[in-house]
Amino acid sequence: MSVETHAHEAHQAAPPAPAADAPSTEVILTEAAALKVKALLEQEGRDDLALRIAVQPGGCSGLRYQLFFDERQLDGDDRTDWGGFDLVVDRMSLPYLGGASIDFVDTIEKQGFTIDNPNATGSCACGDSFS
């Protein structure tokens, strides 16, 4: 899965209303991203996977995103039901991702998930990392 960081305007899909006691990841998926995640999960043929977004040290700018399917449930995970799949953010990554928007673009020039993160003060030319 390719991931780029930049601003990209798109229609944002709202998750189904979470249970009253469910915490919010504060990460938004556009309708295009949510549909692509559902399609990818259908291809996997598993209903026990969640979309996990994490921030790890690395990349040109110091931090990089990781976006992957995960079956694990870690202590402190923030989990939001998106009507067919869960979006999971670990407690260490959550402060870096609050307010971030994930989109999926499919054009002749590129295809993949993009992340518009208001917490990023800078990014590198490769688009995979931020500071």
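Before any of the text, the structure's been laid out above.
This section reports on the structure supplied with the text.

Thresholds applied
- All chains use their own residue numbering, which begins from 1 and follows the written sequence.
- Local features in this predicted model are restricted to residues of pLDDT 70 or higher, and side-chain atom pairs are both shown and tallied only at a pLDDT of 80 or more, whereas totals for entire chains, interfaces and linings draw on every residue.
- The side-chain figures draw on all heavy atoms in the structure; neither hydrogens nor water molecules are used.
- Numbering goes from the N terminus for both helices and strands, where a helix is a DSSP run of H or I of at least four residues and a strand is a run of E of at least two.
- Any two residues having at least one pair of non-hydrogen atoms within 4.5 Å are treated as being in contact.
- Using a 1.4 Å probe on the protein chains alone, a residue whose accessible area is under 20% of its type maximum counts as buried, one over 50% counts as exposed, and one in between counts as partly exposed.
- The criterion for strand pairing is that DSSP finds at least two bridges linking the strands in question.
- Remark: nonpolar core denotes a set of buried residues (Ala, Val, Leu, Ile, Met, Phe, Trp, Tyr, Cys) joined through side-chain atoms within 4.5 Å.
- Only Phe, Tyr and Trp rings are paired, with Trp represented by its six-membered ring, and only when their centres lie within 6.5 Å; those with planes under 30 degrees apart are stacked, over 60 edge-to-face, the remainder tilted.
- Helix span, expected: 1.5 Å multiplied by one less than the number of residues in the helix.
- What the arc covers is the set of directions going from the helix axis to the C-beta atoms.

### Here we look at the overall build of the protein
A count of helical and extended segments in the protein gives two helices and ten strands. Tracing the protein from N to C terminus, the helices and strands come up as β-β-β-α-β-β-β-β-α-β-β-β. By sequence separation, contacts in the protein at least 24 residues apart represent 59% of the contacts at least 6 residues apart.

### Observations concerning the pairing of strand β6 (residues 78-81)
Here β6 shows a clear split, with D78 and T80 buried on one side and none of R79 and D81 buried on the other. Pairing of β6 with strand β7 (residues 86-89), which is carried by four bridges, proceeds in the antiparallel orientation. Across the sheet, residue T80 finds its bridge partner in β7, namely L87. In this structure, the hairpin formed by β6 and β7 is closed by a connection of four residues, where G83 is found at a positive phi of approximately 65°.

### A look at the nonpolar core
Residues L29, I53, F85, I102 and F113 are the most contacted members of the largest nonpolar core, which totals 24 residues. At the level of secondary structure, the elements contributing two or more residues to this core comprise α1 (31-44), β4 (50-57), β5 (63-70), β7, β8 (101-106) and β9 (111-116). With five residues, α1 is the single largest residue contributor to this core. If we ignore the near neighbours within four places in the chain, the residues touching F85 are L29, A34, V37, K38, L41, L51 and T80.

### Here's the deal with the packing of aromatic side chains
Applying the stated criterion to the full structure yields one aromatic pair. With 5.0 Å between their ring centres and 65° between their planes, F104 and F113 make a pair best called edge-to-face. What makes F104 buried here is its relative accessible area of 13%.

### A word on the pairing of β4
Among the eight residues of β4, six are classified as buried, and the element is accordingly described as predominantly covered. Of the strand pairs in this sheet, β4 and β5 are connected by eight bridges, and their pairing is antiparallel. Counted as the bridge partner of L51 is F69 from β5. As judged from the three bridges shared by β4 and β7, these two strands associate in the parallel manner.

### Here we look at α1
Look at α1: 20 Å from first C-alpha to last across 14 residues, which is about the 20 Å you get at 1.5 Å a residue. Where α1 is concerned, the buried positions are A33, A34, V37, L40 and L41. For α1, the arc enclosing every buried residue in end-on projection is 130°, short of the 170-degree limit, so these residues lie on one face. Relative to its buried face, α1 has exposed residues pointing more than 90 degrees away, namely L35, E42 and Q43. Where α1 is buried, its residues meet β3 (28-30), β4, β5, β8 and β9. Trailing α1 by a residue or two, G45 shows a phi angle of about 70°, which is positive.

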